[in-house]
Every structure is written in C-alpha cells, then in structure tokens.
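As a plain string of letters, each chain reads:
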Amino acid sequence: MAEIPNIRALLKNVVAYKASDLHLVSRSEPQIRIDGKLTAVNMPKLDGATIKEMCYTLITDKQKKNLEENKELDFSIHLPEAGRFRVNYYYTMNGDLAAAFRTIPVVIPTLNELKSPAIFKAITKREKGLILVTGPTGSGKSTTLAAMLNEINNTDHKHVITIEDPIEFIHENKKSLFSMRNVGEDTKGFSTALKYALREDPDIILVGEMRDRETMATAVTAAETGHLVFATLHTTSAVQTINRIIDSFEGNEQVQIRNMLSVSLTAVISQALLPKIGGGRIAIFEILISNPAIANLIREDKVHQIYSQMQLNKAQSGMITQTQSMTDAIKTNLITKENALRHSTQPQELSNLITIGG
C-alpha cells in the first residue's frame, strides 16, 4: 500500500516556495499557485481516499461531522512548523474530497511594507464611515484590511470587533483591543454578529464579507451611527460596488439605502494583483473617496456619473481609477501593457490611453 503523503510537510513546502495556495484534487498531483500561476508538485497523482486521509489529520471530529453533513467546510489553522492557512474542504464528482489552502502571513504587514497609497493611512484615522475593500478572490483584500487594522492597532486606542468566516489574520492587542469572532463557532452568522456588535461598545467593526441584504443594511447602519466599518465585496470597481449594494434591495428600500450610503460611505478600494515585470505581483488600486458631489450622485440615483468624478478629482483627493493606476504602472515599467489590458475593467479606455501615450 502506498504511503500517505504528509500534509504538514507539504504545507511547509508551500510556504518555502512562497506559494499563495495549495490545491488537492483527485486525479491530479498537488498543485501550488506561485505569482498567480498554478504549478504541479513533483508527486504522484492523488485519489479521493488519499486526500481524505491527508485532510482529516488536520480537523476535529466535530469538523468532520460538519463537513460530511454540509459537504463544505471553511476554517483556518495554524501549524507551528508551516504557518497559518485559510482552508476550504469540498467534494467533487464521485464523492471525492478536495481541498484548497491559502497561506496567511503570521506577521501582519504594515501599510508601508505593502507600499500602499498614502490615502490608506488617512482613511484609518476616520472616526466613522463605511470603508469597502473589494476585488476578486485572491486579489489581496484580506491583506490590505489587515494592514489597515494593524495601522490602527499601532497608533490608536480603539475597540475593534472582527467578524470573519474563518478568522484569517490574528491581531495581538497593542494599543487597540481586538475581539475576534469566527462565524459558525463564535456566532451563528454575519448579520447576527453585526447586530449584536453594536451592543458591545465597538469603535471599529470588520465584516469579513457582506454576503446578504441584511448584513449590508446593518453594516451601513453601523457606519451611519458613529462606527468605522470595514467590509469586503467580490466586486471589481467602485461603481460596481455601489450598484451591488443598492441592487440588493427592492423598490422603496433602494431609496432608503441610497440615502444611507450617501451619508455613510467613506471609501471604496477595489484592487487586483497583476504579474510584475521581473517576477512577483503588484497590487493595482481603484480608489473612490466620497465627497459632497459623489454623495449627491448616490442619493440622486446617478451612480453611473461617479466614474467621471473620480477621473476629475485625482490630484486633490487621492482618488484614482483603475485605468489611471494601470497607466502609471505601465509608464514606470512595473507591469506590461498586455497584462494590464487582460485585467482591466475598462480595456477600451486603457487601450486608448496607452496608444496616446505611446
């Protein structure tokens, strides 16, 4: 009988190779993602039984029961020999177990280390408002949020409540006090935890993901009533993000949510990770900072006009469109034109700018 691969040793190698992800899927070798590209590990192909035996060594009997009943399991785990990981177990055809592991840095990076735009530090100084960090899976949203909370932790005395599924970055109490809640273990769900968070004397609330209308409504209310709320959405631009929230409501509710958003929205940061010339990846940001003009466009149901406001307000406000960010990165030889166009949300606009700029 073939020896079962050691999952802990495999995860240790994932970290050594500076990979972001490990995938275990039956009928394939283990595959790791390095700089955004999947690469097969030099190991035999795995079957479902082998993957199950490997993966079950990392979870409790309660988690096994949960997985077998719900066919999905999200959790995070810290392995002293390897590091910290966000994990999803799921089933594929023929009832085979599969797994996806995402590496989470144990040491939380600073905004300076991430070379984040200066406006990010200014945003963390706000006393209230809604700050949304958006982007596709794997775009670095969690890292950006962790670095922003780390900035607060190092500079201010705040009570921060985080609601995540699962908890990713572990914040030590420095100047701030962190209450970290794991959905499914410490609370029933995002909307429930968020509702009760308002009774727990928070200054700042992190909502790992705004998945439903109730969570969105409560997050906007919390921001409107004097809290600084950070949250994520799987959207790729500032305008799409605002529309996604509004479109989650119906009829007269849309009027109310537009009014509330116009008051509470502080910033939308939409990000993507692009291959960097010379290796590695670089974060490209689209940044919307709300101002009276943008608040009025939200309130008056003219969200489609926000993009032109962002183009006009770059110099004085810290706002920037994705196209402007990509153009700057191309000019400074950080990314190629081809990769920029491949990842752009406005490829025609970007193509025109690239052509004009030579």
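This text goes with the structure placed above it.
Residues numbered from 1 in each chain as written. Predicted model: local features only at pLDDT ≥ 70, side-chain atom pairs only at ≥ 80, totals over all residues. Heavy atoms only, no water.

Considerations on the sheet that holds strand β6 (residues 96–104)
Strand order in the open sheet made by the six strands is β3-β2-β1-β6-β5-β4, with antiparallel pairing throughout. Looking along the sheet, the strands with just one partner apiece sit at the ends: β3 (37–40) and β4 (72–79). For this sheet the average axis-to-axis angle between neighbouring strands, irrespective of direction, equals 20 degrees. Sheet topology note: the β4/strand β5 (residues 83–92) ladder contains eight bridges and is antiparallel. Counterpart to D74 in the pairing with β5 is N88. Packed on one face of the sheet, helix α2 (residues 48–56) meets β1 (21–24), β5 and β6 and runs near 45 degrees to β6. (Pairing = 2+ DSSP bridges. Helix = DSSP H or I, 4+ residues; strand = E, 2+ residues; numbered from the N terminus. Axes fitted to C-alpha atoms, helices over the stretch in contact; angles between N-to-C directions. Contact = heavy atoms within 4.5 Å.)

Re the nonpolar core
The biggest cluster of nonpolar side chains holds 62 residues, and the ones touching the most others in it are F230, L288 and I306. Once residues within four sequence positions are removed from consideration, I306 is found in contact with V239, I242, L288, I294, L297 and I298. Core analysis: the second largest hydrophobic core is formed by 28 residues, I77, L79, F85 and V87 among them. (Core = buried A, V, L, I, M, F, W, Y, C linked by side-chain atoms within 4.5 Å. Buried < 20%, exposed > 50% of the residue type's maximum accessible area, 1.4 Å probe, protein only.)

Regarding the environment of L114
Structurally, the position occupied by L114 is in the loop between β6 and α4 (119–124). Sequence spacing of L114 and A147 is 33 residues, and the spatial spacing of their C-alpha atoms is 8.2 Å. Beyond its immediate chain neighbours, meaning those up to four positions away, L114 contacts P109, T143 and A147.

Overview of the layout of surface pockets
Roughly 380 Å³ of volume is contained in the second largest pocket. As for the second largest pocket, its lining consists of 16 residues, of which N66, L73, D74, V183 and G184 are closest to the centre. Among the secondary structure elements, those contributing two or more residues to the lining of the second largest pocket are α3 (61–70) and β4. Grouping the amino acids of the lining of the second largest pocket by side-chain chemistry returns five nonpolar, six polar and five charged. (1 Å grid on protein atoms, 1.4 Å probe; cavity = no way out; pocket = protein on both sides within 12 Å on 5 of 7 lines; lining within 4 Å. Points joined across faces, edges and corners; volume = space filled by probe spheres on them. Nonpolar A, V, L, I, M, F, W, Y, C, P; charged D, E, K, R; others polar.)

Examining the pairing of strand β2 (residues 31–34)
Relative to β2, β1 runs antiparallel, the two being bridged by three bridges. What sits directly across from H23, in β2, is Q31. From the end of β2 to the start of β3, which pair antiparallel, there are two residues, and D35 there has a positive phi angle of about 50 degrees.

Remarks on unusual backbone geometry
Look at the link from D165 to P166: it is a cis peptide, with omega at -5 degrees. Mapped onto the secondary structure, P166 falls in the loop between β8 (159–164) and β9 (177–182). One non-glycine residue with positive phi stands out, namely D35, at about 50 degrees. One can find D35 in the loop between β2 and β3. Here D35 falls in the partly exposed class, since its relative accessible area comes to 38%.

As for the side chain of D21
Here D21 is to be found in strand β1. There is a polar contact of 2.5 Å between the side chain of D21 and the side chain of R102. Not counting the four nearest positions on each side in its chain, D21 is found in contact with V14, Q31, I32, R33, F101 and R102. (Polar contact = N/O pair within 3.5 Å; in protein donor to acceptor, adjacent residues only side chain to side chain.)

A look at helix α6 (residues 190–197)
Residues of α6 that are buried: F190, S191, A193, L194 and A197. Relative to the axis of α6, the buried residues are bounded by an arc of 165 degrees and lie together on one face. Those residues of α6 that are buried lie in contact with β8, β9, β10 (204–207) and α7 (213–224). (Arc of directions from axis to C-beta.)

What to know about the sheet that holds strand β7 (residues 129–134)
Sheet architecture is open: seven strands sit in the order β9-β8-β10-β11-β7-β12-β13, paired in mixed fashion. Looking at strand neighbours, the two that pair on one side only are β9 and β13 (281–289), the edges of this open sheet. Taken over all neighbouring pairs, the strand axes of this sheet differ in orientation by 15 degrees on average, direction set aside. The sheet contacts of helix α9 (residues 252–264) involve β7 and β12 (265–275), and relative to β12 the element is tilted by about 80 degrees.

Description of the packing of aromatic side chains
Enumeration according to the criterion identifies three aromatic pairs in this entry. Here the aromatic rings of F120 and F285 are separated by 5.1 Å at their centres, their planes lie at 80 degrees, and the arrangement is edge-to-face. Residue F120 is found in helix α4, and its partner F285 is found in strand β13; the two are separated by 165 residues along the sequence. Look at F120 and you get buried, because its relative accessible area is 0%. Assessed through its relative accessible area of 9%, F285 is described here as buried. Three or more aromatic residues joined by ring pairs form one cluster here, namely F75, Y89 and F101. For the cation-ring pair, K71 lies above Y91, with the distance from its terminal atom to the ring centre recorded as 4.8 Å. (Phe/Tyr/Trp six-rings, centres within 6.5 Å; stacked < 30°, edge-to-face > 60°. Lys NZ or Arg CZ within 6 Å of the ring centre and 35° of its normal.)

Thoughts on the packing of α6 against α7
One way to put it is that α6 packs onto α7 with a least axis distance of 8 Å and a crossing angle of 20 degrees. Taken as axis vectors, α6 and α7 run roughly parallel relative to one another. In this structure, α6 crosses over α7, and the sense of that crossing is left-handed. Residues F190, S191, L194 and K195 of α6 lie in contact with α7, whose contacting residues are E214, T215, T218 and A219. Considering only residue class, the contact of α6 with α7 consists of three nonpolar, three polar and two charged. (Parallel < 35°, antiparallel > 145°, perpendicular 65-115°, else oblique. Left-handed = near helix turned anticlockwise from the far one by under 90°.)

Geometry only, nothing functional implied.
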